[in-house]
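# Reading the structure
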Amino acid sequence: MAKKSDYFGLGYIVSLILAIIPVTSWICGFITRFQEGKIVAGLVRLIFGFTIVWLVDLILMIVSKHILRLINC
């Protein structure tokens with residue numbers, strides 16, 4: 001069985017494909033943070049998701065199989 005990854009508990013390959021596409025990465029990123037109860041982090045992703053956050057998410061997804069978790073509140 002495949003190891004679960006960040007976006008909604010989906011597998012790594014599916015999460016990586018979602019992370020590659022900027023729009024889906026932005027949407028999945030802020031929805032994931034809101035589901036975790038991290039309101040401030042979700043708002044930051046909502047506002048700044050199309051900038052450097054997308055690129056960092058993509059790099060981290062490839063390297064460590066997790067999205068950026070800079071703000072934990």
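In this report, the structure presented in the accompanying data block is examined. (Residues numbered from 1 in each chain as written. Predicted model: local features only at pLDDT ≥ 70, side-chain atom pairs only at ≥ 80, totals over all residues. Heavy atoms only, no water.)

## Thoughts on helix 4 (residues 52-64)
Here helix 4 spans 17 Å end to end across 13 residues, near enough to the 18 Å set by a 1.5 Å rise per residue. Listed as buried for helix 4 are Val 53, Asp 57, Leu 58 and Met 61. On an axial view of helix 4, the arc spanned by its buried residues comes to 135°, and they lie on one face. Away from its buried face by more than 90 degrees, helix 4 exposes Ile 52 and Val 63. (Helix = DSSP H or I, 4+ residues; strand = E, 2+ residues; numbered from the N terminus. Expected span 1.5 Å × (residues − 1). Buried < 20%, exposed > 50% of the residue type's maximum accessible area, 1.4 Å probe, protein only. Arc of directions from axis to C-beta.)

## Considering the pattern of salt bridges
Should the charged atoms of two oppositely charged side chains come close, the side chains can pair. By the definition in use, this model includes 2 salt bridges. Across the pair Glu 36 and Arg 33 runs a salt bridge, and its minimum N-O distance is 2.7 Å. (Salt bridge = Lys/Arg side-chain N within 4 Å of Asp/Glu carboxyl O.)

## So, helix 1 (residues 12-20)
Within the span of helix 1, buried status applies to Tyr 12, Ser 15, Leu 16, Leu 18 and Ala 19. What you see down the axis of helix 1 is that its buried residues fit within an arc of 160°, all on one side.

## Quick notes on the packing of helix 2 (residues 22-35) against helix 3 (residues 39-48)
At their nearest, the axes of helix 2 and helix 3 sit 7 Å apart, and the two run at 170° to each other. When the axes of helix 2 and helix 3 are compared, the pair comes out roughly antiparallel. Residues Trp 26, Gly 29, Phe 30, Arg 33 and Phe 34 of helix 2 lie in contact with helix 3, whose contacting residues are Ile 39, Ala 41, Gly 42, Leu 43, Arg 45 and Leu 46. In the contact of helix 2 with helix 3, the residues fall into 7 nonpolar, 2 polar and 2 charged. (Axes fitted to C-alpha atoms, helices over the stretch in contact; angles between N-to-C directions. Parallel < 35°, antiparallel > 145°, perpendicular 65-115°, else oblique. Contact = heavy atoms within 4.5 Å. Nonpolar A, V, L, I, M, F, W, Y, C, P; charged D, E, K, R; others polar.)

## What about the nonpolar core?
Formed by Tyr 7, Tyr 12, Leu 16, Leu 18, Ala 19, Cys 28, Leu 58, Met 61 and Ile 67, the largest nonpolar core amounts to 9 residues. Counting only elements with at least two residues in this core, the list comes to helix 1 and helix 4. Of the residues forming this core, the biggest block, 4 residues, is contributed by helix 1. (Core = buried A, V, L, I, M, F, W, Y, C linked by side-chain atoms within 4.5 Å.)

## Section: unusual backbone geometry
Residues other than glycine predominantly adopt negative phi, and peptide bonds predominantly adopt the trans conformation. Phi angles above zero are rare outside glycine, and Phe 8 is one such case at about 60°. Note that Phe 8 resides in the segment before helix 1. Located in the positive-phi region is Lys 65, a residue other than glycine, with phi close to 65°. Look at Lys 65 and you get partly exposed, because its relative accessible area is 37%.

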